[in-house]
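Structure at a glance
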Amino acid sequence: MERVMKLKTRRSVVGWFFVLPATLLIFGFYFYPIVKAFILSFQTGVGVNLKFAGLFNYKRLLADNLFKKSLGNVFIYLVIQVPIMLMLALILAQLLNDQNLKFRGFFRTALFLPCATSLVSYAIIFRAMFALDGFVNAILMNLNLITRPINWIGHPWAARLLIVIALTWRWTGYNMVFFLAGLQNIDDSIYEAALIDGANGLTRFFKITIPLLRPIILLTAIMSTNGTLQLFDEPMNLTNGGPANATLSVSQYIYRLSFQYSPRFGYAAAISFVIFALVAILALIQMKVGDTR
Amino acid sequence: MMKRRAITAAKYVFLFVAAFLSIFPLAWMMISATNTSVDVLTGRLLPGAYLGENLKTLAAHTNIGRALWNSFRNAIVATIASLAVCSVAGYGFEIYHDRGKDVLMGILLLSMMIPFAAIMIPLFMMVGRANLLNTTTAFVLPTVSTAFLIFLFRQSARYFPQEVIEAARIEGMGELGIFFKMYIPIMRSTYATAAIITFMGAWNSYLWPLIIMQKAESRTMPLLISSLIAGYVTDYGALMLAVTSSVLPTIVIFLVLQRNFAEGIISSMK
């Protein structure tokens, strides 16, 4: 008996050694920095010469129009782009879930392909395609849809639209994969029963598919929200935040504050802590709303 | 009957249009890499004869070879380090699980809620203080251990049969031996999935290297192509060639290992 106990403790200790390196690294590179960011957010100064200033940074934040603008921009993407993309992904997944569909493998690979492109790369491809004297404007002119080329990155709403188009291109297939996996878990007999009850395609979609996929819709919504709040690579490379900061994202603003102007680490940390809080709060809200069963 | 056929036709048209729109920008990128800047802008859709010329332009104005090597080296080191640390931890959390380790795992999972933007300033200060700016170590360290990968390996260890472990113990195999000689070979596909996720993440990483790679010779591919658009005159042919050389490796990995890639994405929701 005693020997068994000893063996158990010994194994438990071995187990702790297995998990130790990873644990230390996560504490060192996630938890310590987030605590540090929180402390930093109460300090002011340039570079590493910092001193405590209480709530100064948070007060300043409330009066900072550029911060409000960047937050507003991110929310515009969140409200417009995320629902469109998720709807599109759901429809595509539903179409692809048909066993009798021809070219199924081709469609799936093609729709999923944008995920293999890095964010910087696709942002630059889109920037080149949508240049003032570029390819997309040439096509639109040839089709007589527009008479003058659209200055995509020179007009606030055109620039935002461009970011929405680009984000949708990059992430729809990604979300579709989640929906496809979810759809494959739904038992066919549920659909058959509905068919016997005379439910048509649309009814089945809204009364069976969507409710059963709710956890996955929730998951994709949380991931998209998280990603959108942290948007950086696209506004940086596609529109450079412009024109007149119309596409500036919060992460980009933090970057500018910390690394482009004279470094205001304390103030930037306050903003970054707000992002952290927003991500957490929005995830909680989505879980509450999505969990009504 | 007619209506049904019309719906089917509409389905296929919709799917073909969606597939075309998904592929087109990438095809356009590759075609453009072989054309002159003017041809790219005016929308030439046929491969040209300018690939060599674009390559010369790139080689003359950028250090693309160096950037490709940096990206490759950083991504390989990141992948090996991550897989080693996280697979050992995932295995430990599952095979030796007890109350304490389960609680700890729960705590580690909370780190997934922390956005990178929220910790990048402290991370930068840490790396600066440790004199690690411009190094692969700095590039790799913050992402060596991720709760996501630990979780992935923990889930796969769940399918590692307990009888195998017991039998090996009776045979007198040590705990480390069981991990190296039995778990790793059996869980090859989990390792493949984890490797793809980590490699792609590191290869495409932009914000972190943008902050820490301040010397020109330590720049990675995303930084290089991003800097090309900042110039006054953009040579679109050369630009698209640079983008292509950055995207092609991941597209090849994707096409060859598509199954693992999708699995990796999906396993994050189990």
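Every value quoted in this text rests on a predicted model; they were computed, and no experiment measured them.

**Digging into the overall build of chain A**
Tallying secondary structure elements over chain A gives 13 helices and 2 strands in all. In terms of overall dimensions, chain A is more spread out than a globule: its C-alpha atoms have a radius of gyration of 24 Å, far above the 19 Å expected for 293 residues. Each of the three principal axes of chain A carries a C-alpha extent, and together these read 85 × 70 × 35 Å. Out of the 293 residues in chain A, the part that is buried amounts to 52%. Charged side chains in chain A number 25 positive and 11 negative. The centres of these two groups are separated by 14 Å.

**A word on the pattern of salt bridges**
The final tally for this structure, using the stated rule, is 5 salt bridges over all chains. Among the ionic pairs, B:Asp98 bridges to B:Lys101, the shortest N-O distance being 3.1 Å. With a relative accessible area of 24%, B:Asp98 lands in the partly exposed category. Here B:Lys101 falls in the buried class, since its relative accessible area comes to 0%. Through salt bridges with shared partners, one network takes in A:Arg11, B:Glu166, B:Arg169 and B:Glu175.

**A look at the interface of chain A and chain B**
One frequent convention defines the size of an interface as the accessible area lost when the parts assemble. With 87 residues of chain A in contact, the opposing surface of chain B contributes 86 residues. Summed over both sides, the interface between chain A and chain B buries roughly 7,700 Å², with carbon and sulfur atoms accounting for 81% of that surface. It is A:Phe18, A:Phe29 and A:Tyr30 that lose the most area in chain A upon contact with chain B, and together they represent 10% of the buried surface on that side. If you look at where chain A meets chain B, you find 1 salt bridge. The residue A:Arg11 makes a salt bridge to B:Glu175 at a minimum N-O spacing of 3.5 Å. Taken together, chain A and chain B are joined by 10 residue pairs in polar contact (both at pLDDT 80 or more). Tallying contributions element by element places helix α1 (residues 2–40) of chain A first for the side of chain A that touches chain B, with 24 residues.

**Considering the domain arrangement of chain B**
All names here are of chain B. Partitioning chain B into domains gives domain 1 (1–62 + 233–251) and domain 2 (68–228). Taken together, the 10 residues of domain 1 in the interface contact 8 residues of domain 2. Taken over both partners, the interface formed by domain 1 and domain 2 buries close to 790 Å², and the fraction arising from carbon and sulfur atoms is 78%. One can count 0 salt bridges joining domain 1 with domain 2. Applying the counting criterion to the domain 1 and domain 2 interface returns 1 residue pair in polar contact (both at pLDDT 80 or more). Of the residues in the side of domain 1 that touches domain 2, the class split is 5 nonpolar, 5 polar and no charged.

**Concerning the packing of helix α13 (residues 221–228) of chain B against helix α14 (residues 236–256) of chain B**
Residue and element names in this part refer to chain B. Where α13 contacts α14, the axes come no closer than 10 Å and their chain directions differ by 165 degrees. Overall, the two elements α13 and α14 adopt an arrangement that is roughly antiparallel. Regarding α13 and α14, the two cross each other, and that crossing is left-handed. Every residue of α14 that contacts α13 at Met221, Ile225 and Leu228 is listed here: Leu239, Ala242, Val243, Ser245 and Ser246.

**Details of the side chain of A:Thr239**
Residues and elements named next belong to chain A. With respect to the helices and strands, the residue Thr239 is situated in helix α11 (residues 233–239). Among the polar contacts listed, one links the side chain of Thr239 to the side chain of Thr247, at a separation of 2.7 Å. Sequence-distant contacts of Thr239, defined by excluding residues within four places in its chain, comprise Arg127, Ile153, Ala159, Ile163, Glu234 and Thr247.

**Examining the domain arrangement of chain A**
Residue and element names in this part refer to chain A. Segmenting chain A into domains produces domain 1 (2–40) and domain 2 (64–290). Placing the centre of domain 1 and that of domain 2 at their C-alpha centroids yields a distance of 36 Å. For domain 1, the biggest contributors to the area lost against domain 2 are Ile34, Phe38 and Leu40; these three give 82% of the whole. For the pair domain 1 and domain 2, the number of links is 0 salt bridges.

**Quick word on a nonpolar patch on the surface**
Residues and elements named next belong to chain B. A cluster of nonpolar side chains, Met30, Leu248, Val252, Val256 and Leu257, forms an exposed patch at the surface whose accessible area comes to about 400 Å². If one sorts the elements of the nonpolar patch by residue count, α14 sits on top with 3 residues. When you line up the elements, Met30 lands in helix α1 (residues 2–32).

**Comments concerning the packing of helix α3 (residues 65–96) of chain A against helix α7 (residues 156–184) of chain A**
All names here are of chain A. Orientation of α3 relative to α7, taken along the N-to-C sense of each, is 40 degrees, at an axis distance of 6 Å. By the angle between their axes, α3 is oblique relative to α7. Crossing geometry of α3 relative to α7 is assigned as right-handed. Grouping the constituent residues of the contact of α3 with α7 by class yields 19 nonpolar, 6 polar and 2 charged.

About the criteria used
- Residues numbered from 1 in each chain as written.
- Chains lettered and ligands numbered in written order.
- Predicted model: local features only at pLDDT ≥ 70, side-chain atom pairs only at ≥ 80, totals over all residues.
- Heavy atoms only, no water.
- Helix = DSSP H or I, 4+ residues; strand = E, 2+ residues; numbered from the N terminus.
- Rg over C-alpha atoms; globule rule 2.2 N^0.38 Å.
- Buried < 20%, exposed > 50% of the residue type's maximum accessible area, 1.4 Å probe, protein only.
- Lys, Arg positive; Asp, Glu negative; His and termini not counted.
- Charge placed at Lys NZ, Arg CZ, Asp CG, Glu CD.
- Salt bridge = Lys/Arg side-chain N within 4 Å of Asp/Glu carboxyl O.
- Contact = heavy atoms within 4.5 Å.
- Buried area = accessible area lost by both parts, 1.4 Å probe.
- Polar contact = N/O pair within 3.5 Å; in protein donor to acceptor, adjacent residues only side chain to side chain.
- Domains from an automatic or database assignment.
- Nonpolar A, V, L, I, M, F, W, Y, C, P; charged D, E, K, R; others polar.
- Axes fitted to C-alpha atoms, helices over the stretch in contact; angles between N-to-C directions.
- Parallel < 35°, antiparallel > 145°, perpendicular 65-115°, else oblique.
- Left-handed = near helix turned anticlockwise from the far one by under 90°.
- Patch = residues over 30% accessible without salt bridge, like charges linked within 9 Å, V, L, I, M, F, W, Y side chains within 5 Å.
- Areas by Shrake-Rupley, 256 points an atom, 1.4 Å probe, with all protein chains shown as cover.

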